[in-house]
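Remarks on the overall topology
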Amino acid sequence: MTSEKKTSSVMRQIDENLRRVYQQDSSEEVPDRFKKLLDQLKSKDNGDEPQGPK
Amino acid sequence: MSEVKDPRDELVEHLGALRAFAMSLTRNSAAADDLVQDTIEKAWKNMDKFQPGTNLRAWLFTIQRNAFYSIRRKAKREVADVDGIMAAGLSEKPHHDGRLAMNDFRKAFEKLPDEQREALMLVGASGFAYEEAADMCGVAVGTIKSRANRGRRKLAELMGLDPDEDPVIRDTTNDSVISTSHSRQS
């Protein structure tokens, strides 16, 4: 039998729920604004004028 | 040619994680996205300071938490009760499962002090090692551990659970429940 060192099942469930909250939030679809932002930053770096859509 | 990836190209893979972390910090989805935007811009500008081969996500999270605390310090000066307002804007998602009710859990989580929420998010949720989390927050490992543990206990308390007990919550999950005949002595 595993000797639990005071990690009660409540505490383990709490961690499990934390992971779940995090997973739910991080797997949400990322809004376009962020991809646009990255594109803008990239084209600025390349010394381009802000480019229209490819 | 060794293929060293430009970390700039990898940013996109961390957007989801950044949003989740931002959400836990700000507790408000509009504020979270503004924070993510701020983080990306700062990261981009400082990319030369990133050491290739180290953990990009940890680096980004560090930038993000610093940005959050500096915004918050400013906001505190302007708004009396940031917390109340932020907590009110929380997005709710119905999620049915047999364990702790997720909405209750989220609400309880949001009531934790910043530093406990952050510690739990880093070590409990995103799976960073205590050492990494300590680095990211600029505190000792022991501090992170105790914040995380206080946070867990506080969460249990807010959920009306005894942190030392081995209860059957909702009574459906027997998997992974180790029975330590830990009967509460009342």
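Residues numbered from 1 in each chain as written. Chains lettered and ligands numbered in written order. Predicted model: local features only at pLDDT ≥ 70, side-chain atom pairs only at ≥ 80, totals over all residues. Heavy atoms only, no water.

**Let's talk about the packing of aromatic side chains**
All names here are of chain B. Applying the stated criterion across every chain, the model contains four aromatic pairs over all chains. Ring plane angle 65° and centroid distance 5.6 Å describe the contact between phenylalanine 61 and phenylalanine 128, whose orientation is recorded as edge-to-face. On the criterion of sequence distance, the pair formed by phenylalanine 61 in helix H4 (residues 56–78) and phenylalanine 128 in the loop between helix H7 (114–125) and helix H8 (130–137) is long-range, its members being 67 residues apart. Each member of the pair, phenylalanine 61 together with phenylalanine 128, is buried. Its guanidinium or amino end placed over the ring of tryptophan 44, arginine 8 lies 5.6 Å from that ring's centre, counting from NZ or CZ. (Phe/Tyr/Trp six-rings, centres within 6.5 Å; stacked < 30°, edge-to-face > 60°. Helix = DSSP H or I, 4+ residues; strand = E, 2+ residues; numbered from the N terminus. Buried < 20%, exposed > 50% of the residue type's maximum accessible area, 1.4 Å probe, protein only. Lys NZ or Arg CZ within 6 Å of the ring centre and 35° of its normal.)

**Structural notes on unusual backbone geometry**
Residue and element names in this part refer to chain B. At arginine 27, a position not held by glycine, the phi torsion is positive, near 60°. Looking at the secondary structure, you find arginine 27 in the loop between helix H2 (15–26) and helix H3 (29–45). For arginine 27, a relative accessible area of 4% puts it in the buried group.

In short, geometric facts, not functional conclusions.
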